[in-house]
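Results of the structural survey
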Amino acid sequence: MSKKFREGADPMNTKWSRWKTVLTCAFLLIAIALCDIRTASALPTGKVMAIPAFARKYGLPCSACHTAWPELNNFGQVFRDNGYQLMNDRDSPIWQNPSYFPITFRITPSWHRETTTNQALDVPGTITGGAVGTLTQAGFDLSGMDLWSGGTLYKNISFILLPSSDPTAVWHFESAFIRFDNLWHTPWLNVKFGRFEIDNLISEKRFLFLSSNGGLYQIYHFNVPGSINDFGYGDNQIGVELAGHSANSYTRYSVSFLSSNEGGVNFTNSVTPGGAPSNRSYDVNLAFSQAFNAPGPPGESGFGQERIGAFAYIGQRPTSFETLNGNDLVGIDNKPFYRIGFAGDLSYKNLELLPLFMYGHDNPYLGQFGVPSNTPLPAGAQAPTFYGGFLEAHYYFNPQNVALARFEQIKVGQQALNTTQGSLGNITAVSFGYRWYPIMFSRAGVALDGEFSRVRTIGAEPESADGDGTVGVPGAAVWSNSIYFGIDFDF
Amino acid sequence: MTLKKFAVTFALGSVGLLTTGATVSTAQSHVNSPDPLLGTPSIATETSNIDGITGHAESGKHLYRRFCIGCHGPDGNGQGMNAQWIDPQPRDFTEATFKCRSTPTGTLPTDEDLYNAITRGFVTTNMPSWRPLSPQQRADLVAFIKTWSPRWAKEKPGTSLNIPPETAITIESILHGRELFQKLECWKCHGPEGHADGPSAATLTDSKGNPIKPFNFSTGDRFMCGDSNRDLYRIFMTGLDGSPMPSFADVIQPNDAWDLVHFLRTLQVALPNQELTLWQSYKAAHGKDLKPIGPDSAGGAQ
């Protein structure tokens, strides 16, 4: 099967044969069969439920706040919006209950196989390149680890501290903020200060895919090829956020004022050492969403909660740097960019649909590497633009079994140079997965995660960074596939 | 063409997922169908009716499994995994005994009573407010909760208490309420100052023999079954079934009950209210004339 799989992934063969479709579906169904509901039920799960961190504090099952962890449902959203408080007398700060230790660990051992076509390789027996082939890697692996802590320091003062490591235990602060909740006794005024995920309606930090290609929303990290813009809508940012919500969080808004450095610390554009210096400017993110209950047919209980929202991110990035001895010091000559879009979280009983559309626009200088904004643009330079999005579907058989599917597409509207191949950088992707939570004990959770993801990127490396970083045949498609099985656990 | 094939793959994969999902859902589409994660309810199906919303037990079952099972248990008997760490213990739905009712003691509550309890939560327990769930979802949960006890098939809910209009808040009303507080021996549990430190407080148990604390008025916390004067009136006229708090419906008249409400509000020293303001003014002038509440004041506290 793997031989045929490789053949099918030939970069010069862009045909998607029928057997691949069958294979995709078969994988999915096998995953479902392996995760047989009855077998799952034979485990002691039904008698116990999960409680890391907050659940441990409140004695609630993890499914109370999560559709399937880590994704939040509306009850969890309200809890989060209230500053990790249920607004009852169990909201004691972490110093009041000595038995409450507000820390959760999470890591995912896995086996996965990554295949990327159209990669530049050495001709066998030489070190001079010149060949084009498929890179395939497979084996056992580890995810990074989250050491997640959160709670209330005082009534209406909450915090999150999330040191996170990569698989080699290089640590950074994924999130670290303090939040002042319910200012002037109204849920409409809350202020968050620190590093955090911007208030996107569809969270990439809380989603259910883990594989290399499926484990990110392509559009959240996309920039037109050649752009010096490093912004990723899915990346945590650093700054201050004013947010508010109605009592049941059906109406939500947020305004974030952020450093223009991609969440970097120590005046760099990176949270890990070695990042380029940042500039002195700021970005703004705006988000608004409204939920409502969709009535069902007569005699039935309705479809569930539907939420729609819109967002806009307005930022800037430097086009040159102040220097000393040729070393970059501080970014200057900033040029703007923006991302706008809308998203939804729609329910039809046990089916959840997550659509998102985004349009991105950069200043022409951001598309011209090494051209400061105080010098003329090269001939043919134009504002890089792109648009696209995704549609993700979750089917919840019950709180412990969820099937996942996602289709993504991104098209470059306008290249940075008008002579560039129009389709360069376009992305199309499908991902399927199944998560089974056989254990939801009171102090731990385990999820078995099976995924298949296939991404086609035109003339560019996949966002997953699989492959060797150099496209073999310029302008041709790069196919990158992930097959993934992981055991996701936290406690 | 490639896009079309992506779309076909996505569609086929999704159909595969949904087909499987539909199969599973169909297999679990009856409340009494075997669900290894839930016990067998006593009643095949139930509905609830709250303000024009009809709740369905079938839908409520899935919600119960998601939100409630951890405390109330797979068998609805309050023995969920987390119950051992929870005080007071979660409600045992198989007994169909509920504290917060608008109906006479010993009778079943109305659907609206259960709905209000789910919506409001119980501030001094682990039961949160489930207001983030939609009204339909809460109605569905009410319907499912009723399947745990055969009482719902055999009995009808009691008739809701008719609460007369509140009487004027006067010092006379408060003083009369204080007399009743002494006479009805409320202080034995709640304490002379409402601090939940009466002589009987430490000995109280609920109907299952678990220790239970009387309400501490002085904290200013919301009452178990609401926060308004009408809620307070309802609490001692219906009692809190399953707890030592009895119904006083046969003991006092409505006007007396309102007087007691007005006095109880004066015990909520951490919660500014009209009765407290009036009472503090009165006490400043006539405090010396007041007999202390307690065993030495038999026959009247004034």
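Residues numbered from 1 in each chain as written. Chains lettered and ligands numbered in written order. Predicted model: local features only at pLDDT ≥ 70, side-chain atom pairs only at ≥ 80, totals over all residues.

With that out of the way, let us pick up the overall build of chain A. A count of helical and extended segments in chain A gives six helices and 20 strands. Burial statistics for chain A: of 491 residues in total, 50% are counted as buried. Considering only residue pairs separated by 6 or more positions, chain A has 62% of its internal contacts joining residues 24 or more positions apart. (Helix = DSSP H or I, 4+ residues; strand = E, 2+ residues; numbered from the N terminus. Buried ≥ 20, exposed ≤ 12 C-beta atoms within 10 Å, placed from the backbone. Contact = placed C-beta atoms within 7 Å.)

Time to look at the environment of A:A68. Residue and element names in this part refer to chain A. With respect to the helices, strands and loops of the structure, A68 is situated in strand 1 (residues 66-68). Residue classification places A68 among the buried positions, given that 22 C-beta atoms sit within 10 Å. A C-alpha to C-alpha distance of 7.9 Å links A68 and L208, two positions 140 residues apart in sequence. Not counting residues up to four positions away in its chain, the partners in contact with A68 are L208, Y396, P399, V402, R435 and Y437.

This part covers the pairing of strand 4 (residues 109-122) of chain A. Residues and elements named next belong to chain A. Summarising the sheet, strand 4 and strand 5 (residues 130-142) pair through 12 bridges and their orientation is antiparallel. Opposite E114, over in strand 5, you have Q137 as the bridge partner. Judged from the seven bridges that link them, strand 4 and strand 20 (residues 477-490) form a sheet pairing that is antiparallel. Within strand 20, the position partnered with W111 by the bridge is F485. (Pairing = 2+ DSSP bridges.)

Detailed reading of the predicted coordinates is not advisable wherever pLDDT falls low. Model confidence for chain A is summarised by a mean pLDDT of 86, while 88% of its residues fall at 70 or above. Low confidence marks residues 31-51 of chain A, where pLDDT is under 50. Its contacts with residues over four positions away, or in another chain, come to 57 contacts. (pLDDT = per-residue confidence, 0-100.)

A word on the confidence of the model for chain B. Residues and elements named next belong to chain B. On average, residues of chain B score 86 in pLDDT, and 86% of them are at 70 or above. Per-element mean pLDDT across chain B ranges from 59 in helix 1 (residues 2-27) up to 96 in helix 3 (residues 111-120). In this model, residues 24-34 is a region of pLDDT below 50 whose contacts with residues beyond four sequence positions or in other chains number 18 contacts. What the predictor reports for the complex is a pTM of 0.83 with an ipTM of 0.78.

Right, let's talk about the domain arrangement of chain B for a bit. Per the domain assignment, the segments of chain B are domain 1 (47-154) and domain 2 (171-296). The straight-line distance from the C-alpha centre of domain 1 of chain B to that of domain 2 of chain B is 27 Å. (Domains from an automatic or database assignment.)

Here the focus is unusual backbone geometry. As a rule of thumb, non-glycine residues mostly have phi less than zero, and peptide bonds are mostly trans rather than cis. In this model, A:W69 is joined to A:P70 through a cis peptide bond whose omega is 15°. Position of A:P70 relative to the elements: it lies in the loop between strand 1 and strand 2 (71-72). For the peptide bond that leads from B:D87 to B:P88, omega is 0°, which places it in the cis range. Along the chain, B:P88 turns up in the loop between helix 2 (57-72) and helix 3. Even without glycine at this site, A:E262 takes up a positive phi of about 60°. Looking at the secondary structure, you find A:E262 in the loop between strand 11 (251-259) and strand 12 (282-294). Exposure remark for A:E262: the 24 C-beta atoms within 10 Å place this residue in the buried category. Even without a glycine there, the phi angle at A:N325 is positive, about 55°. For A:N325, the location among the structural elements is in the loop between strand 13 (304-324) and strand 14 (327-348).

This next bit is on the packing of helix 9 (residues 254-266) of chain B against helix 10 (residues 274-286) of chain B. All names here are of chain B. Contact pair helix 9 / helix 10: the axes reach a minimum separation of 7 Å and the direction vectors enclose 75°. Looking at the two axes, helix 9 sits roughly perpendicular to helix 10. Packed against helix 9, whose contacting residues are H262, R265 and T266, the element helix 10 presents E275, L276 and W279 at the interface. Split by residue class, the contact of helix 9 with helix 10 holds two nonpolar, two polar and two charged. (Axes fitted to C-alpha atoms, helices over the stretch in contact; angles between N-to-C directions. Parallel < 35°, antiparallel > 145°, perpendicular 65-115°, else oblique. Nonpolar A, V, L, I, M, F, W, Y, C, P; charged D, E, K, R; others polar.)

The subject of this paragraph is helix 9 of chain B. The α-helix advances 3.6 residues per turn, and as a result positions three or four apart in sequence lie on the same side. Residue and element names in this part refer to chain B. Helix length check: helix 9, at 13 residues, gives a terminal C-alpha distance of 19 Å against a target of 18 Å (1.5 Å per residue), a fit within 8%. Within helix 9, 10 of the 13 residues are buried, which leaves it mostly tucked inside the rest of the structure. Along helix 9, the positions that sit buried rather than exposed are A257, W258, D259, L260, V261, H262, F263, L264, R265 and T266. (Expected span 1.5 Å × (residues − 1).)

Attention now moves to the environment of A:P124. With respect to the secondary-structure elements, A:P124 resides in the loop between strand 4 and strand 5. The class of A:P124 is exposed, set by 7 C-beta atoms lying within 10 Å.

Residues and elements named next belong to chain A. Residues E352, L354, L356, M358, G360 and D362 line the buried face of strand 15 (residues 351-362), whereas the alternating positions L351, L353, P355, F357, Y359 and H361 sit on a face that is not buried. As defined by bridge partners, strand 14 adjoins strand 15 across 10 bridges and the pair is classed as antiparallel. By the bridge assignment, I340 is partnered in strand 15 with Y359. The antiparallel pairing of strand 14 with strand 15 creates a hairpin that spans two residues between the two strands, and K349 there sits at a positive phi of about 55°. Across 11 bridges, the pairing between strand 15 and strand 16 (residues 385-398) is antiparallel.

Helix 4 (residues 135-145) of chain B sits mainly inside the fold: 10 of its 11 residues count as buried. By the burial criterion, the buried members of helix 4 of chain B are B:Q136, B:Q137, B:R138, B:A139, B:D140, B:L141, B:V142, B:A143, B:F144 and B:I145. Buried residues in helix 4 of chain B make contact with strand 12 of chain A together with strand 1 (47-50), strand 2 (53-56), helix 2 and helix 3 of chain B.

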